[in-house]
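Inside the fold
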Amino acid sequence: MASLPDELTGHQAARGAPSPALPNGPRYPRIVQAWLWLKKPTWFLDRCSRTYGDVFTMRLPLGINLVHIGRPELVKAVFGGDNDVLRAGEANATILEPLVGPHSVLVLDGPEHLRQRKLILPAFHGDRMRAWETAVRDITRAEIARWPVGKPFALRPSMQSITLDVIVRVVFGVDTSARRDELRRHIRTLTGLGRNPLMLFATRDRRLGPHAPWARFIRARDALDAALVAEIRQRRDAPDLEQRRDVLSALLLARDDEGRAMTDDEVRDELVTLLFAGHETTATSLAWAFDLLLHHPRAMGRLVAELDGGASEYLDATIMETLRVRPVVALVDRHVGQAVGIGEHTIPAGVIACPNIYLAQRRADLYENPAAFRPDRFVGQTPPAFGWFPFGGGIRRCLGASFATFEMRIVLPEVLQAVNLRPASRRPARIRREAVTFVPHDGARCVMIARSQPAPPAVTPPLS
Ligand code: HEM
């Protein structure tokens, strides 16, 4: 931070100073802004950024003010700012705590957050992940075998099925198929309920009776909890605990600086966190990658040719470009505990500061023709600092970033080398909001023309 001028360093306004004004933003009634944010999120973001610039305020019901930040230097100031003032855990907790629990790394701040991060991070070490490669490949092949030939189908549900199986097998490490089926059933019920955008607001009113979305959510969550706690207790006693490569076993073996292990409740909360944070995000990013490739035959042709030749540079560029132009998580949140200077703005206490991934990654001053899908722009190029951050940043950067990339680097080649696909529509899918994520409106529909005969040997790019 030393090289940044004072106004970019996230300085705090003097205590007792009058509350600063919110940055400019649309003046429509809050309910209208909420509707636009839910139903036309990219149109609304584009319009606000054109009208108000790199920093603007979106005013939502219940007094929620989102200050969107789309300029790289200011994003850097937020990520590098004082984490006691810019609190991600507090911002996430409002919506996520009922699902992920009070010990989740997502909803904690300060030393408790750092403790959980340190306990989880080693479970995603590169060496461990390499042991999951065969499982990810097998799961992908089993899913491809279920696809129909000649009939349109949506890729996203298929990718969800793959990433869910991956979580159950390599994160939870569940070995028996009956247990896996039970967990998958609970998770599907819960994620189905979570897709309803009204759940974002339902968490604020919990008194609507046993058939309301909230009550159904609590029942589904409790059923998943019970299954996970049973798995945790059984795993603690597993004779091969130390040899196992799954994430749950690693969490049970992890010790903090004082030599303390995680409690069952902590482990449960982190498992749900990894499930919630890792399953739909990775599946949807994969669906977007296929949707974009299928609608850009030149990029698809180059990728397939490079994979056939055993190279992986264009694969990496394709993944980066997909995450740039179709970020599944459009923004990250930081609850502002005390008025703070960000650039020429002083952001008042009580608002949510949102480094905006979607806007920063579509800047014309960083990317030529920013809305276009052009993997070439990342071939041999590193992304601009704070102009590419699909995994967030600072001490909150996604804990599963390398795992997600690892999974995408296996699933994409596996599919492209096993089958011939064509798009089911003339244009790429539109971006639609689903709960907190941006997803393809039609689920990324395609048609499988044929299976490749004979199936080519799998190319496994080495982890970089
Ligand atoms: C393409 C897939 C993924 C995307 C786009 C993504 C994106 C993100 C973003 C934007 C954040 C917030 C970072 C911030 O606040 O600055 C985040 C946090 C997190 N992600 Fe991911 N994620 C993905 C996959 C995964 C996977 C596979 C896992 C684990 C299995 C995971 C686990 C987490 C966790 C635990 C956090 C919380 C970190 C913290 O608060 O310290 N994510 N992710």
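Everything numeric in this text was worked out from a predicted model, so none of it was measured. (Residues numbered from 1 in each chain as written. Predicted model: local features only at pLDDT ≥ 70, side-chain atom pairs only at ≥ 80, totals over all residues. Heavy atoms only, no water.)

Describing the overall build of the protein chain
Here is the rule we go by: Under the DSSP-based scheme used, a helix requires at least four consecutive residues in state H or I and a strand at least two consecutive residues in state E, with every element numbered from the N terminus. Only protein chains enter the area calculation, which uses a 1.4 Å probe; residues under 20% of their type maximum are buried, those over 50% are exposed, and those in between are partly exposed. By definition, residues are in contact when any of their heavy atoms lie within 4.5 Å.
Counting its secondary structure elements, the protein chain contains 17 helices and 12 strands. Relative to its full complement of 464 residues, the protein chain shows a buried share of 55%. Put simply, of all contacts in the protein chain between residues at least 6 apart along the chain, 74% involve residues at least 24 apart.

Some details on the site of the ligand
Note the threshold: One heavy atom within 4 Å of a molecule or strand is enough for the residue carrying it to be called near that molecule or strand. For the purposes of these results, a polar contact is taken to be a pair of N or O atoms within 3.5 Å, where, inside protein, one atom must be able to donate a hydrogen and its partner to accept one; residues adjacent in sequence count only when each atom of the pair is a side-chain atom. Gly is put with the polar residues, along with every residue not named as nonpolar or charged; the nonpolar set is Ala, Val, Leu, Ile, Met, Phe, Trp, Tyr, Cys and Pro, and the charged set is Asp, Glu, Lys and Arg.
Near the ligand you find 26 residues, and of these His113, Arg117, Arg334, Gly393 and Cys398 are the closest. Contact distances for the ligand include 2.7 Å between an oxygen atom and a side-chain N or O atom of His113. Within the contact set of the ligand, an oxygen atom lies 2.8 Å away from a side-chain nitrogen or oxygen of Arg334. Looking at the shell around the ligand, the element that brings in the most residues is helix α13 (residues 264-294), giving seven residues. In the shell around the ligand, the residues fall into 14 nonpolar, nine polar and three charged.

Observations regarding the nonpolar core
To keep it simple, the criterion reads: The set of buried Ala, Val, Leu, Ile, Met, Phe, Trp, Tyr and Cys residues whose side-chain atoms join them within 4.5 Å is what this entry labels a nonpolar core.
Ranked by size, the top nonpolar core spans 93 residues in total, and within it Trp147, Leu155 and Phe172 carry the most contacts. The element contributing the most residues to this core is α13, with 13 residues. The next biggest cluster of nonpolar side chains, apart from the first, holds 20 residues, and it includes Val55, Leu86, Val336 and Phe389.

With respect to the coordination of the iron atom of the ligand
Here is the rule we go by: Any N, O or S atom lying within 2.8 Å of the metal counts as a donor, with the limit raised to 3.2 Å for Na, K and Ca; because water is left out of the atom set, some sites can appear incomplete.
For the iron atom of the ligand, the protein contributes exactly one donor atom, Cys398 (SG), at 2.3 Å. Counting through the fold element by element, Cys398 comes out in the loop between α16 (357-360) and α17 (401-418).

A few points about the environment of Ile347
Mapped onto the elements, Ile347 comes out in strand β7 (residues 345-347). Through-space distance from the C-alpha of Ile347 to that of Val336 is 7.7 Å; in sequence the pair is 11 residues apart. Beyond its immediate sequence surroundings of up to four residues, Ile347 is in contact with Pro20, Pro23, Val67, Val336, Gln338, Ala339, Val340 and Ile342.

Focus on the sheet that holds strand β4 (residues 152-154)
To be explicit about the condition: A pair of strands is considered paired only if DSSP assigns at least 2 bridges between the two. As a rule, the C-alpha atoms of each element are fitted with a line to give its axis, helices using only the stretch in contact, and angles between N-to-C directions run from 0 to 180 degrees.
Spatial strand order, β4-β12-β9: three strands in an open sheet with antiparallel pairing. Only two strands of the sheet have a single partner each, and these edge strands are β4 and β9 (419-423). Along the sheet, successive strands turn relative to each other by an average axial angle of 45 degrees, direction set aside. One ladder, built from five bridges, connects β9 with strand β12 (residues 445-451); its direction is antiparallel. What sits directly across from Leu421, in β12, is Met448. Across the sheet, helix α8 (residues 155-171) touches β4, β9 and β12, and the angle it forms with β4 is around 50 degrees. On the sheet, α17 packs against β9 and β12 and is oriented at approximately 95 degrees with respect to β9.

Things to note about the packing of α13 against helix α15 (residues 313-325)
So the rule is basically this: By the definition adopted for this analysis, an angle is roughly parallel if under 35 degrees, roughly antiparallel if over 145, roughly perpendicular if from 65 to 115, and oblique otherwise.
α15 packs onto α13 with a crossing angle of 105 degrees between their chain directions and a minimal axis gap of 9 Å. The orientation of α13 with respect to α15, classified from their angle, is roughly perpendicular. Here α13 contributes Ser285, Trp288, Ala289, Leu292 and Leu293 to the contact with α15, which in turn contributes Thr318, Thr322, Leu323 and Val325.

Here's the deal with the sheet that holds strand β5 (residues 334-336)
Read across the sheet, five strands follow the order β1-β2-β8-β5-β3 without closing on themselves; strand pairing throughout is mixed. Of all the strands in the sheet, just β1 (55-60) and β3 (86-87) have a single pairing partner and so form its edges. Relative to strand β2 (residues 64-69), β1 runs antiparallel, the two being bridged by six bridges. Each residue of the ladder has a partner; that of Phe56, found in β2, is His68. Lying over the sheet, helix α1 (residues 30-39) contacts β1 and β2, oriented at roughly 110 degrees with respect to β1. Taken strand by strand, helix α2 (residues 41-52) contacts β1 and β2, and its axis lies near 130 degrees from that of β1.

Concerning the confidence of the model for the protein chain
We count it as follows: Confidence scores here are pLDDT values: one per residue, from the predictor, ranging 0 to 100.
Model confidence for the protein chain is summarised by a mean pLDDT of 90, while 90% of its residues fall at 70 or above. In this model residues 1-11 is a low-confidence stretch, pLDDT under 50, and it forms 19 contacts with partners more than four residues away in sequence or in other chains. Counted against residues more than four places away or in other chains, residues 455-464, with its pLDDT under 50, gives 23 contacts.

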